[in-house]
Amino acid sequence: LFGEPGAWVGMTTEGTVELLDRFGVESHIEYGNIDDLRGYLDENRGIVLMVDADELWSGAADDVQLGDIGADHAVVITGIDDERAVITLNDPGQEGGEGWEITIADFMDAWDDSNYEMVVTDEVPETREALRGSLSAIRHPGGYVMLPVVVGSDVLRRPDRPFLLGEG
């Protein structure tokens, strides 16, 4: 993430896949629907969704101006409650955003702005222990979360080798 307030530039979905891969979590980009989300959640996979933050947080479609069209934020889905018509998300853009609930309708409006784009993990971990130590995917009772990483220098270290930011 770089830039300044009002003009932030963040990680792409391709960058998310690359980051996960560097930490041994294979994933891929796809475009889906709510039934795909239900299936992946049933399989215990990690799912990072691209959404329009304004629509997600305000619950109102804001695609009136050109600058408001498109996805500009990522969240992790941890559950769908069809009986209550809510989706549970881990949202790093909100203080206390873990386990945040939003109506399915409002969520779908926000997700629609990315053409229903998501990053899905390819494999399901056999145990919680298989995930320990990974910066990119840690199993919480509600699901997977992407952890924010703050880097104070130009080197990010991985247990088996260092690499420079922007490498590869």
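Look up a bit, the structure's there.
Let me begin by describing the structure that accompanies this report. (Residues numbered from 1 in each chain as written. Predicted model: local features only at pLDDT ≥ 70, side-chain atom pairs only at ≥ 80, totals over all residues. Heavy atoms only, no water.)

Turning our attention to unusual backbone geometry. Most of the time, phi is negative for any residue but glycine, and the peptide bond is trans. Although it is not a glycine, asparagine 44 adopts a positive phi angle of roughly 70 degrees. Relative to the helices and strands, asparagine 44 resides in the loop between α2 (34-42) and β2 (47-51). Of note in this structure, alanine 85 is not a glycine but carries a positive phi near 60 degrees. Residue placement: alanine 85 occurs in the loop between β3 (73-81) and β4 (86-90). (Helix = DSSP H or I, 4+ residues; strand = E, 2+ residues; numbered from the N terminus.)

Attention now moves to the environment of serine 27. Tracing the backbone shows serine 27 in strand β1 (residues 27-31). Residues serine 27 and threonine 121 lie 94 residues apart in sequence; the distance between their C-alpha atoms is 4.0 Å. If we skip the residues at most four places from it in the chain, serine 27 touches Val17, Leu20, Val119, Val120, Thr121 and Asp122. (Contact = heavy atoms within 4.5 Å.)

If you walk across this open sheet you meet the six strands as β1-β6-β2-β3-β4-β5, and the pairing is antiparallel. Each having just a single partner strand, β1 and β5 (98-103) make up the two edges of the open sheet. The average undirected angle you get between the axes of adjacent strands in this sheet is 35 degrees. Of the strand pairs in this sheet, β3 and β4 are connected by five bridges, and their pairing is antiparallel. In the strand pairing of β4, isoleucine 80 is matched with isoleucine 87. Packed on one face of the sheet, α2 meets β1, β2, β3, β4 and β6 (117-121) and runs near 75 degrees to β3. (Pairing = 2+ DSSP bridges. Axes fitted to C-alpha atoms, helices over the stretch in contact; angles between N-to-C directions.)

The values reported here are purely geometric and, on their own, carry no functional implication.
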